[in-house]
Amino acid sequence: MESYNRKIILEHADVTLFIKREDLLHRYISGNKFRKLKYNLVEAKKQNKATLLTFGGAFSNHILAVAAAGYENGFKTVGIIRGEELAAKIASNPTLRKAQEFGMVFEFVSRDAYREKSSSTFIDALVLRYGDFYLLPEGGTNDLAVKGCEEILTVDDAAFDYICCAVGTGGTLSGIINCSKDSQQVLGFPALKGDFLREDICNFVTKSNWGLQTDYHFGGYGKCTSELISFINAFYLKHNVPLDPVYTGKMVYGVLDLIEKKVFPAHSKILMIHTGGLQGIAGMNLKLRQNKQTELIVDD
C-alpha cells in the first residue's frame, strides 16, 4: 500500500518541513500499528492460529488496533490489561469499549502480575486458559513489526535530509532507520524519560545515521502539560492536522523547537512521520475534564 500524502507545514529560507500522514491509513489500525501488524497477521495465518493475544494499558493504541485487526481478519482477540480496577470501567473507557465492540476478550491483572507478563510461567498459564494463540508483545514491536515499518518511507521520500518520528518501544523508529538512505539523518523523539531505548533500537538496526532527542517527553509517558495541550490545539487550528498528546504532539513540538533554535542546517528538508494514536485523545480528555483543564480539540 502506498503511503498517504505529505503535507507541507513550514517553508522559508532556512528549512522546509513536511508531515507524512500515516495516521490516515486506517481509522482504528492507525499509522505505525497498521505497519507493525501487517506481517504479524500474515505469520499468524501461516501458523494457523485462530487467536491473537497481547498486552496493554487503559488507553492503549495497540490494544484497539489488535482488536480491530482481529475483527477484520477473522481472528479471536484477547487483551491482557494492566490494572484490575479497569474491569469495572469498560463502559467509561473509550479505548476498551471500542476494543470490546470488536470482540476482544479482556483479562485484567494487577500491576505486579503484569510485570511478569514475559515470563514462561505467566505465558503457560495463559495458554491453559486461551489455547494456542499468536503472541504479540506489548506495543507490538518484534522483528516482523520492524519489517512492516520499513515500508513507511518510499522512493518519494529519498530527497529529505531529516526524518523525524515519535518513539514508544522503538520498533517504528528501527524500521525507518533500516529503510532510510545513508545520506539521511533519522531523529527519534521518545515519549518516555531517559535514554534507555537506545539499546533496544540497536537490537534491530546496524546503521549509525540516527539519534534520540530526549528533551521533549513532557514528564514521561501519558503525561500532558498545559503547554503541550495549547501547542497541539494551536497546531490543529493552523494546519488542520490533529496530533496526539502521547507521541506525535511531543515530536512535532520538538521538531519546531529545534528549527527555532537553528539546530538544522540551512535549506534542510525535514519530514515528520505522523504515527497515528489519535484514538487516545478521547481518553486523555476524560482526565483533563476531571482535572478541569483545557481539553484537546477532537478531529471530527
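Here the structure is a predicted model, which is why all the values come from computation and not from measurement.

**Some words on the packing of aromatic side chains**
For the structure shown, the criterion picks out 12 aromatic pairs. Considering the side-chain rings of Phe 18 and Phe 160, the 5.7 Å spacing of their centres and the 75° angle between planes classify their relative orientation as edge-to-face. With a gap of 142 residues between them, Phe 18 in strand β2 (residues 15-21) and Phe 160 in the loop between α6 (143-149) and β7 (162-167) connect regions that are remote in the sequence. Each member of the pair Phe 18 and Phe 160 is classed as buried. A ring pair is formed by Phe 231 and Phe 235, whose centres lie 6.0 Å apart and whose planes are at 35°; its orientation type is tilted. Separated by four residues within a single helix, Phe 231 and Phe 235 lie in helix α9 (residues 226-239), roughly one turn from each other.

**So, the state of the cysteines**
For the coordinates displayed, the defined rule picks out zero disulfides. With no disulfide of its own, Cys 165 lies closest to Cys 149 among cysteine sulfurs, the gap being 8.0 Å. When its relative accessible area of 0% is taken as the criterion, Cys 165 is described as buried. Of the cysteine sulfurs around Cys 202, a residue in no disulfide, the closest is that of Cys 165, at 16 Å.

**As for the sheet that holds β2**
As summarised here, the arrangement of the six strands in space is β1-β2-β10-β7-β8-β9, forming an open sheet in which the pairing is mixed. Every interior strand has two partners, whereas the edge strands, β1 (6-11) and β9 (210-212), have only one. On average, each strand axis in the sheet is tilted by 25° relative to the strand beside it, whichever way the strands run. One ladder, built from seven bridges, connects β2 with strand β10 (residues 268-274); its direction is parallel. By the bridge assignment, Leu 17 is partnered in β10 with Ile 270. Contacting β1, β2, β7, β8 (185-190) and β10, helix α10 (residues 248-260) crosses the sheet at an angle of about 170° to β10.

Calculation rules
- Residues numbered from 1 in each chain as written.
- Predicted model: local features only at pLDDT ≥ 70, side-chain atom pairs only at ≥ 80, totals over all residues.
- Heavy atoms only, no water.
- Phe/Tyr/Trp six-rings, centres within 6.5 Å; stacked < 30°, edge-to-face > 60°.
- Helix = DSSP H or I, 4+ residues; strand = E, 2+ residues; numbered from the N terminus.
- Buried < 20%, exposed > 50% of the residue type's maximum accessible area, 1.4 Å probe, protein only.
- Disulfide = S-S within 2.5 Å.
- Pairing = 2+ DSSP bridges.
- Axes fitted to C-alpha atoms, helices over the stretch in contact; angles between N-to-C directions.
- Contact = heavy atoms within 4.5 Å.

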